[in-house]
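A structural walkthrough
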Amino acid sequence: MKIAISSKESNTSSEIDSRFGRCAFFALYDTENKTTEFVRNEAAATEEGAGPAAVKQLAGLKVKKIIARDFGIKIKSLCSDLNIQLIIIKESKTIEEIIKLLNH
């Protein structure tokens, strides 16, 4: 299963980005292969509708869960329709720390 984590930078020592739709990158963690790859958030520079556009990008990448610090109201209903689970992390953590939590 692929899990997307909003990330400030394209490395595992980066902190989770508090902005889902406008984060710079998504860390894509594959739970089967235990691999992580980073993709640029194509929606980050859009004037409006960044959140829904980011969800559509991740859905196209077959993501089943998204981890971020917060999500807008439009995101929740869209992800529900696409059968994508949302996970909110309140405290600041690195991508590496989140991946360790996923493996426990």
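Keep in mind that this is a model prediction, so the values were computed, not measured. (Residues numbered from 1 in each chain as written. Predicted model: local features only at pLDDT ≥ 70, side-chain atom pairs only at ≥ 80, totals over all residues. Heavy atoms only, no water.)

What follows covers the pairing of strand β3 (residues 35-40). Alignment of strand β2 (residues 25-30) against β3, held across six bridges, turns out to be antiparallel. Bridging from a neighbouring strand, phenylalanine 26 pairs with valine 39 of β3. Counted along the chain from β2 to the antiparallel partner β3, the turn is four residues long, and its residue lysine 34 has a positive phi close to 60°. (Pairing = 2+ DSSP bridges. Helix = DSSP H or I, 4+ residues; strand = E, 2+ residues; numbered from the N terminus.)

This brings us to the state of the cysteines. Summed over the entire model, instances satisfying the criterion amount to zero disulfides. In this structure cysteine 79 is a free cysteine whose sulfur lies 13 Å from that of cysteine 23, the closest cysteine sulfur available. Take cysteine 79: its relative accessible area is 0%, and that puts it in the buried class. (Disulfide = S-S within 2.5 Å. Buried < 20%, exposed > 50% of the residue type's maximum accessible area, 1.4 Å probe, protein only.)

Moving on: unusual backbone geometry. Note: most peptide bonds trans; most residues except glycine with negative phi. A positive phi angle, near 60°, is found at lysine 34, a position not held by glycine. In this structure, lysine 34 sits in the loop between β2 and β3. Exposure remark for lysine 34: the relative accessible area of 51% places this residue in the exposed category. We note that asparagine 83 has phi near 60°; this positive angle belongs to a residue other than glycine.

All right, on to the packing of helix α1 (residues 50-60) against helix α2 (residues 73-81) then. For the pair α1 and α2, the least separation of the axes is 9 Å and the interaxial angle reads 25°. In terms of their interaxial angle, α1 and α2 are classed as roughly parallel. Crossing of α1 against α2: the hand is right-handed. In this structure, α1 uses Gly51, Pro52 and Val55 to contact α2, whose residues at the interface are Lys74, Ile75, Leu78 and Cys79. When grouped by side-chain class, the residues that make up the contact of α1 with α2 number five nonpolar, one polar and one charged. (Axes fitted to C-alpha atoms, helices over the stretch in contact; angles between N-to-C directions. Parallel < 35°, antiparallel > 145°, perpendicular 65-115°, else oblique. Left-handed = near helix turned anticlockwise from the far one by under 90°. Contact = heavy atoms within 4.5 Å. Nonpolar A, V, L, I, M, F, W, Y, C, P; charged D, E, K, R; others polar.)

Attention shifts here to the pairing of strand β5 (residues 85-88). The pairing of strand β4 (residues 63-68) with β5 spans four bridges and is classified as parallel. Bridged to isoleucine 66 within β5 is leucine 86. Since β4 and β5 lie parallel, the crossover through α2 that links them has a hand, and here it is right-handed. (Right-handed = clockwise from strand over helix to strand, strands pointing away.)

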